[in-house]
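# Topology and contacts: notes
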Amino acid sequence: MIDDWTALAGESPACLATGAELIARWSEPHRRYHTLDHLAAVLGAISPLAALAEDPAAVRLAAWFHDAVYDGRPGRDEERSAQLAQSRLPACGVPASRVAEVARLVRLTAAHDTLAAGDRNGAVLCDADLAVLGRPGYDEYAARIRQEYAHVPDDLFRKGRAEVLRRLLAVPRLYRTCRARELWEERARANMSRELAALAAAQPGGDQP
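## Focus: the side chain of R158
Within the element layout of this structure, R158 appears in helix α9 (residues 154–170). One buried charged side chain, R158, makes no salt bridge at all; its nearest oppositely charged neighbour is D154, positioned 4.6 Å away. Setting aside its immediate chain neighbours within four residues, R158 contacts L199, A202, Q203 and P204.

## Quick look at helix α5 (residues 76–88)
Over its 13 residues, α5 runs 18 Å from end to end, which matches the ideal 18 Å to within 8%, given 1.5 Å per residue. The set of residues buried in α5 consists of D77, E78, S81, A82, L84 and A85. Seen end-on, α5 carries its buried residues on one side only, within an arc spanning 155 degrees. Those residues of α5 hidden inside the fold are in contact with α2 (13–26), α4 (56–65) and α6 (96–108).

## So, the pattern of salt bridges
For side chains bearing opposite charge, pairing can occur when the charged atoms are close. With the rule as written, the count across this model stands at 14 salt bridges. Notably, a salt bridge pairs R80 with D71, separated by 2.9 Å at the nearest N-O pair. What makes R80 partly exposed here is its relative accessible area of 34%. A salt bridge links D119 to R104; its shortest N-O distance comes to 2.8 Å. Separated by 15 residues along the polypeptide, D119 in the loop between α6 and α7 (120–129) and R104 in helix α6 bring together distant segments of the chain. Because the salt bridges share partners, they merge into one network encompassing E21, R25 and R88.

## Observations regarding the packing of aromatic side chains
For the coordinates displayed, the defined rule picks out six aromatic pairs. For the ring pair Y33 and Y141, a centre distance of 5.1 Å and an interplane angle of 70 degrees mean the geometry is edge-to-face. In this pair, Y33 sits in the loop between α2 and α3 (36–46) while Y141 sits in helix α8 (residues 138–148), placing the two residues 108 residues apart along the sequence. Residues Y33 and Y141 agree in their burial class; the two are buried. Every member of this aromatic cluster is reached through a ring pair, and the members are W5, W64 and F65. Cation over ring: R146 sits above F157, and NZ or CZ is 4.3 Å from the ring centre.

The rules behind the values
- Residues numbered from 1 in each chain as written.
- Predicted model: local features only at pLDDT ≥ 70, side-chain atom pairs only at ≥ 80, totals over all residues.
- Heavy atoms only, no water.
- Helix = DSSP H or I, 4+ residues; strand = E, 2+ residues; numbered from the N terminus.
- Buried < 20%, exposed > 50% of the residue type's maximum accessible area, 1.4 Å probe, protein only.
- Lys, Arg positive; Asp, Glu negative; His and termini not counted.
- Salt bridge = Lys/Arg side-chain N within 4 Å of Asp/Glu carboxyl O.
- Contact = heavy atoms within 4.5 Å.
- Expected span 1.5 Å × (residues − 1).
- Arc of directions from axis to C-beta.
- Phe/Tyr/Trp six-rings, centres within 6.5 Å; stacked < 30°, edge-to-face > 60°.
- Lys NZ or Arg CZ within 6 Å of the ring centre and 35° of its normal.

And the structure:
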């Protein structure tokens, strides 16, 4: 993936070092879902949406950094990832305004429901990050998420996961861009509803949601 990085950021020594660091971070052995495959999937999902962003380069840079720090601590991971972007990108020759936008976008991925109306860059990044919900391979994605939370007992995981799914299903539009809704909305809702039903069936008594 280093070629994808250099095509975006350049081939200066600082850019090459940052690209190598990012790939190493995304390849950490404790990761199960937030891996290089996820990064590649997000970058791929940005492509059909890129024309809708005000600054596609900032969106792609944010994708590279958005889970660069991943310790399974929501909120803290995104903050540290944003700080990493602020630390590394200036040496790569990225203008200060774009560095600030990248950091803002990375922080935004901590809670997609904080996205403000009219935030075109944020909409593209968040939609690309959630594209997995409506693309082939959903069951593998869900299994990998469970692996990353292997330290959480089954009953607590099912409860927490069900809450996440219900919150996502409750919004009138899961995706913020028209293109993403066309591509992924219907399948995403079907996938999440199916997982939610399976979680409910696995609870003692098999109650339905």
